[in-house]
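The lines below spell out each chain.
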Amino acid sequence: MIQRVQTIYLAIVIILLTIVTLGSELFSFVNETTRYTFNSYGIMKYDLASGALLSKQTFPFYLGTIALILLSFITLMSYKNLNRQFKLGRTVFGIYFLTLITVVLLSTLGDNLLEVETTGREMGLGFFIFAVGFPFTFLANTGIKRDKKLLDSLDRLR
């Protein structure tokens, strides 16, 4: 299991998604007096002058990242059945892609949803960590497909 390259890629995806789930900042919107920060637990409104937390809106983004972590782990552990692993890998890739599109749309259009005039947007470290994990899901699927093709060719030789 460990000697396969997709195991390493899926482990990297699990680690990166865990970092995002632990509350790292995805993006924030800033205006003259307040700062709106979005992380996996919700949207927090801070006062710029004092740095105090003014309000907190919960947004269950962490449930999606936990679901992706669990699905990636199930994909990792189903190494004995390559057909199932390949289907699960494609599912992880698709859900990750949709989640990444949602995060990008929220980061670009999120100030309109807050109905607040913002002067700037800042991408947090969590956004980049979340985006870096996506190519690793593709690479894991490529490795799974390569192993599946190799085993299918060996079965034809028998």
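Note: the structure precedes this text.
Summarised in this report is the structure supplied together with it. Quantities reported herein were computed from a predicted structural model and do not represent experimental measurements.

## With respect to the overall build of the protein chain
A count of helical and extended segments in the protein chain gives 4 helices and 5 strands. When the helices and strands of the protein chain are listed from N to C terminus, the series reads α-β-β-β-β-α-α-β-α. Computed over the C-alpha atoms, the radius of gyration of the protein chain is 19 Å, more than 25% above the 15 Å expected from 2.2 N^0.38 for a compact globule of 158 residues. Principal axes of the C-alpha set define a box for the protein chain whose edges measure 70 × 20 × 20 Å. Relative to its 158 residues, the protein chain shows a buried fraction of 39%. In the protein chain, the share of contacts with a sequence separation of at least 24, taken over all contacts with a separation of at least 6, comes to 58%. Split by element, the accessible area of the protein chain, about 9,200 Å² in all, is 66% carbon and sulfur. On the protein chain, the mean spot of the 15 positive side-chain charges and the mean spot of the 10 negative ones are 20 Å from each other.

## What to know about the packing of helix α1 (residues 5–21) against helix α2 (residues 61–77)
Direction vectors running N to C along α1 and α2 enclose 160°, while the axes themselves pass 9 Å from each other. Accordingly, the angle class assigned to the pair α1 and α2 is roughly antiparallel. As for the relative orientation of α1 and α2, their crossing is left-handed in sense. Where α1 approaches α2, its residues T7, L10, V13, I14, L17, T18, V20 and T21 are matched on the opposing element by F61, Y62, T65, I66, L68, I69, S72, F73, T75 and L76. The class makeup of the residues in the contact of α1 with α2 is 12 nonpolar, 6 polar and no charged.

## Structural notes on the sheet that holds strand β1 (residues 27–30)
On the basis of which strands lie adjacent, the open sheet formed by 5 strands has the order β4-β3-β2-β1-β5 and antiparallel pairing. Both outer strands of the open sheet, β4 (53–58) and β5 (120–123), are each paired with one neighbouring strand and no more. Between one strand and the next, the sheet's axes are offset by a mean angle of 15°, whatever the strand orientation. Sheet analysis places strand β2 (residues 34–39) next to strand β3 (residues 42–47), joined by 6 bridges and oriented antiparallel. By the bridge assignment for β3, Y36 is matched with K45. Across the sheet, helix α3 (residues 82–114) lies against β1, β2, β3, β4 and β5, angled at about 25° from β1, the strand it touches most.

## Overview of the environment of L88
Structurally, the position occupied by L88 is in helix α3. Its relative accessible area of 17% is what places L88 among the buried residues. For L88 and T75, which are 13 residues apart along the polypeptide, the C-alpha to C-alpha distance reads 5.6 Å. Setting aside anything within four residues of it in sequence, one finds L88 in contact with L71, I74, T75 and S78.

## A word on α2
In a regular helix each residue adds 1.5 Å, so 17 residues correspond to 24 Å; α2 covers 25 Å between its end C-alpha atoms and thus fits that length. Taken together, the buried positions of α2 are occupied by F61, T65, L68, I69, L71, S72, T75 and L76.

Conventions used here
Residues numbered from 1 in each chain as written. Predicted model: local features only at pLDDT ≥ 70, side-chain atom pairs only at ≥ 80, totals over all residues. Heavy atoms only, no water. Helix = DSSP H or I, 4+ residues; strand = E, 2+ residues; numbered from the N terminus. Rg over C-alpha atoms; globule rule 2.2 N^0.38 Å. Buried < 20%, exposed > 50% of the residue type's maximum accessible area, 1.4 Å probe, protein only. Contact = heavy atoms within 4.5 Å. Areas by Shrake-Rupley, 256 points an atom, 1.4 Å probe, with all protein chains shown as cover. Lys, Arg positive; Asp, Glu negative; His and termini not counted. Charge placed at Lys NZ, Arg CZ, Asp CG, Glu CD. Axes fitted to C-alpha atoms, helices over the stretch in contact; angles between N-to-C directions. Parallel < 35°, antiparallel > 145°, perpendicular 65-115°, else oblique. Left-handed = near helix turned anticlockwise from the far one by under 90°. Nonpolar A, V, L, I, M, F, W, Y, C, P; charged D, E, K, R; others polar. Pairing = 2+ DSSP bridges. Expected span 1.5 Å × (residues − 1).

Everything listed here is a matter of coordinates, which is why it stays silent on function.
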